Amino acid sequence: MSANDVKDPNRRDFLYIATGAMGAVGTAAVAWPFIDQMNPSAETRAAGLPVEIDVSSIEAGQSVTIMWRSKPYFIRRLTTKELSEVSKVSLNDLKDPQAADERIGGSEVKDLVIVASNCTHLGCIPKEIENGAEGWKCPCHGSVFDMTGRILRGPAATNLPVPPYVFATANKLIVGTTNPEDA
Ligand code: FES
């Protein structure tokens, strides 16, 4: 696979958002086509408090990046085709076997993936592979992750971690807790 297979992060379908703090819970907004940079307070960053994200603007096939505890996380809404493809991957073919549906969404949300953006090899940021062919490819040493962040091949040994999160509603995602009362 060539470097050209990796999406340019500046393309229209890649959004970058930062999380903002309001009281105990940060708020992040997807503001397309603008980059919405809000600065959480030093206290919020230090405490690693949960952050709230309105995911209503993330369309199928789009990814956004949020920050939590000073680290980036991808949120991607999978297309019907991608959902079908990840469900077909055999656990026997995975280094770090985990069913795709254990890494997708919540009880009422069946198409959102939330994973840490740092490669589990040495921490580089993988980039989305053109056309969502497989998922993300790390530019440093070539690890390839599927659209749920499961390692498919390359030097990384483990999947992209899934952070604690909960959906307070279908459009309100809270990263950093599994307790909906933290909303
Ligand atoms: S840091 Fe990603 S493959 Fe090495």
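Scroll up to find the structure.
Rules used in this analysis
Residues numbered from 1 in each chain as written. Predicted model: local features only at pLDDT ≥ 70, side-chain atom pairs only at ≥ 80, totals over all residues. Heavy atoms only, no water. Disulfide = S-S within 2.5 Å. Helix = DSSP H or I, 4+ residues; strand = E, 2+ residues; numbered from the N terminus. Buried < 20%, exposed > 50% of the residue type's maximum accessible area, 1.4 Å probe, protein only. Pairing = 2+ DSSP bridges.

**Q** Now, about the state of the cysteines: what can you tell me, with residues and values included?
**A** Under the definition given, this model contains one disulfide. Through a disulfide, C124 is tied to C140; the S-S separation comes to 1.9 Å. Disulfide C124-C140: torsion about the S-S bond near -90 degrees, hence left-handed. One end of the pair, C124, is in the loop between β7 (112-116) and β8 (127-128); the other, C140, is in the loop between β9 (135-137) and β10 (144-146), with 16 residues separating them in the sequence.

**Q** Describe the pairing of strand β6 (residues 71-77), with residues and values.
**A** Here β6 lies mainly inside the structure; six of its seven residues are buried. Here strand β5 (residues 63-68) hands over to β6 after two residues, with R69 in that stretch at a positive phi of 50 degrees. One ladder, built from five bridges, connects β6 with β7; its direction is antiparallel. Paired with R76 across the strands is V113, a residue of β7.

**Q** Could you give an account of the sheet that holds β9, with specific residues and numbers?
**A** Strand order in the open sheet formed by four strands is β8-β9-β10-β11, and the pairing between neighbours is antiparallel. On the outer flanks of this sheet lie β8 and β11 (151-153), each paired with one strand and no other. Bridge analysis of β9 against β10 gives three bridges, and the strand direction is antiparallel. Opposite W136, over in β10, you have F145 as the bridge partner.

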